[in-house]
Amino acid sequence: SQQGEEDPQALSIQEGENATMNCSYKTSINNLQWYRQNSGRGLVHLILIRSNEREKHSGRLRVTLDTSKKSSSLLITASRAADTASYFCATGSGGGADGLTFGKGTHLIIQP
Amino acid sequence: NAGVTQTPKFQVLKTGQSMTLQCAQDMNHEYMSWYRQDPGMGLRLIHYSVGAGITDQGEVPNGYNVSRSTTEDFPLRLLSAAPSQTSVYFCASSGTSGTTSSYNEQFFGPGTRLTVL
């Protein structure tokens, strides 16, 4: 069963605007990761946040984690057409040896 | 570094046929895994390996076998293909941080698109 659920399923915004995607999960985790997938391609790792962290930044990306609410958000600032992709959250639990559990993703479209 | 490579890119099988999807990585990563992605879905874990000679089942292992004879290679075998196995298959690898607390980012291959008729 899928651990993470992204919201919204699809998001369309104008270039230059900020995009926010949310992820909720069910069981306790020790890290949460966000990945991007361009159409027909493999997944690319964006950012990892550990369970004892609350916020992390990487370039135009900002990720927050609220373990009490079992939720995370990914903010992409100043969006660009190249940001058009599907974004997935993935959770790692236990010792990490059981792989990642992915959500169904948010499909983001940046309108030029 | 080539990263994670997968072959073939595309494959069409008939029901009942068997085949092996190849995956190789040149990053000396301990951890390797196979996922499948179906339309509108995230990735679901099929099998994974934490090192040569060690494999374990993920969420959806039925109908698939794996082996890990070397650190570099992690082939996925479909024993008797079924239409329900039509999917895109991704192989991924990651290195451990040396602790048991979590694994690092996973590096994905480009995928194999499989159709079973």
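Here the structure is a predicted model, which means the values were calculated and not measured.

### Observations concerning the sheet that holds strand 3 (residues 19–25) of chain B
All names here are of chain B.
Moving on, step 1. Taken in spatial order, the four strands line up as 1-3-8-7 in an open sheet, and their pairing is antiparallel. The sheet is open, and its two edges are formed by strand 1 (4–7) and strand 7 (64–66), each paired on a single side. Across the sheet, the mean angle from the axis of one strand to that of its neighbour is 20 degrees, orientation sign disregarded.
Moving on, step 2. The pairing of strand 7 with strand 8 (residues 76–78) spans three bridges and is antiparallel. Each residue of the ladder has a partner; that of V66, found in strand 8, is L76.

### Things to note about the nonpolar core
Moving on, step 1. In this structure, A:L32, A:W34, A:L74, A:I76, A:Y87 and A:L108 are the most contacted members of the largest nonpolar core, which totals 21 residues.
Moving on, step 2. Going through the elements one at a time, strand 3 (19–24), strand 4 (31–37), strand 5 (43–50), strand 7 (61–66), strand 8 (71–76), strand 9 (85–92) and strand 11 (106–111) of chain A are the ones with two or more residues in this core.
Moving on, step 3. In this structure, A:L32 is in contact with A:C23, A:Y25, A:I47, A:L48, A:I49, A:L65, A:S72, A:C89, A:A90 and A:T91, ignoring residues within four places of it in sequence.
Moving on, step 4. Among the nonpolar cores identified, the runner-up in size contains 19 residues, and B:V4, B:L21, B:L78 and B:L114 belong to it.

### A look at the pairing of strand 6 (residues 54–57) of chain B
Residues and elements named next belong to chain B.
Moving on, step 1. Both strand 5 (residues 43–51) and strand 6 contribute to a ladder of three bridges, which runs antiparallel. Residue pairing for strand 6: G51 is matched across the bridge by I54.
Moving on, step 2. Between strand 5 and strand 6, which pair antiparallel one after the other, the connecting turn spans two residues, and G53 there sits at a positive phi close to 85 degrees.

### A few points about the layout of surface pockets
Moving on, step 1. There is about 690 Å³ of room inside the largest pocket.
Moving on, step 2. Put simply, the parts of the chain that give the lining of the largest pocket at least two residues each are strand 9 and strand 11 of chain A together with strand 9 (87–94) and strand 11 (112–116) of chain B.
Moving on, step 3. Ranked by residues supplied to the lining of the largest pocket, first place goes to strand 11 of chain B with four residues.
Moving on, step 4. A breakdown of the residues in the lining of the largest pocket according to their chemical character gives nine nonpolar, 17 polar and five charged.

### Considering the side chain of A:S79
All names here are of chain A.
Moving on, step 1. Of note, S79 is situated in the loop between strand 8 and strand 9.
Moving on, step 2. Looking at S79, the relative accessible area reads 3%, which means it is buried.
Moving on, step 3. At 2.8 Å, the side chain of S79 and the backbone oxygen of E17 are in polar contact.
Moving on, step 4. With residues up to four places along the chain from it excluded, the contact list for S79 reads I13, Q14, E15, G16, E17, R60 and I110.

### Quick look at the sheet that holds strand 6 (residues 55–58) of chain A
Residue and element names in this part refer to chain A.
Moving on, step 1. Taken in spatial order, the five strands line up as 1-3-8-7-6 in an open sheet, and their pairing is antiparallel. Each edge of the open sheet carries a strand with a single partner, namely strand 1 (5–7) and strand 6. Direction aside, neighbouring strands of the sheet carry axes that sit 20 degrees apart on average.
Moving on, step 2. Bridge count for strand 7 against strand 8 is six bridges, and the pairing is antiparallel. Its bridge partner being in strand 8, T64 is matched across the sheet by S73.

### Let's talk about the pattern of salt bridges
Moving on, step 1. Going through the model one piece at a time under the given rule, you end up with five salt bridges over all chains.
Moving on, step 2. Here A:E55 and A:R62 are joined by a salt bridge, their closest N and O atoms 3.2 Å apart.
Moving on, step 3. Judged by its relative accessible area of 40%, A:E55 falls in the partly exposed class.
Moving on, step 4. The salt bridge involving B:D38 is made with B:R44; its shortest N-O contact spans 2.7 Å. As far as burial versus exposure is concerned, B:D38 and B:R44 are alike and both buried.

### Notes on the state of the cysteines
Disulfides are covalent bonds that link the sulfur atoms of two cysteine residues.
Residue and element names in this part refer to chain A.
Moving on, step 1. Here the structure, examined in full by the defined rule, presents two disulfides over all chains.
Moving on, step 2. The disulfide partner of C23 is C89, and the S-S distance across this bridge is 2.0 Å. An S-S torsion of about 65 degrees defines the bridge between C23 and C89 as right-handed. Separated by 66 residues along the polypeptide, C23 in strand 3 and C89 in strand 9 bring together distant segments of the chain. C89 shares its class with C23; the two are buried.

Thresholds applied
- Throughout this description, residue numbers start from 1 for each chain and increase along the sequence as written.
- Chains and ligands are labelled by the order in which they are written, letters from A for the one and numbers from 1 for the other.
- Whole-chain, interface and lining totals are the exception, using all residues; otherwise, since this is a predicted model, local features are given only for residues with pLDDT of at least 70 and side-chain atom pairs are given and counted only at 80 or more.
- Side-chain measures here rest on the full set of heavy atoms in the structure, leaving out hydrogens and waters.
- Two strands make a pair as long as DSSP finds a minimum of two bridges between them.
- Elements are defined by DSSP. Helices are runs of H or I of four residues or more, strands are runs of E of two residues or more, and each kind is numbered from the N terminus.
- Interaxial angle, 0 to 180 degrees, is taken between N-to-C directions of lines fitted to C-alpha atoms, where a helix line uses only the stretch in contact.
- Within this scheme, the nonpolar core is defined by two criteria: the residues are buried Ala, Val, Leu, Ile, Met, Phe, Trp, Tyr or Cys, and they are joined through side-chain atoms within 4.5 Å.
- Partly exposed residues are those whose accessible area sits between 20% and 50% of the maximum for their type, while under 20% is buried and over 50% is exposed, using a 1.4 Å probe and protein chains only.
- For this analysis, residues touch if any pair of their heavy atoms sits within 4.5 Å.
- A cavity here means a set of points on a 1 Å grid, drawn over the protein atoms and nothing else, where a 1.4 Å probe fits but cannot get out; a pocket is an open set with protein on both sides within 12 Å along at least five of seven lines, and a residue lines either one if it has an atom within 4 Å of a point.
- Grid points are joined across faces, edges and corners, and a volume is the space filled by probe spheres set on the points.
- Three categories are distinguished: nonpolar for Ala, Val, Leu, Ile, Met, Phe, Trp, Tyr, Cys and Pro, charged for Asp, Glu, Lys and Arg, and polar for the others, with Gly belonging to the last.
- The term polar contact refers here to a pair of N or O atoms within 3.5 Å; inside protein, the definition further demands a hydrogen-donor-capable atom paired with an acceptor-capable atom, and it admits residues adjacent in sequence only when both atoms are side-chain atoms.
- The term salt bridge refers to a side-chain nitrogen of Lys or Arg lying within 4 Å of a carboxyl oxygen of Asp or Glu.
- Criterion for a disulfide: a pair of cysteine sulfur atoms within 2.5 Å.

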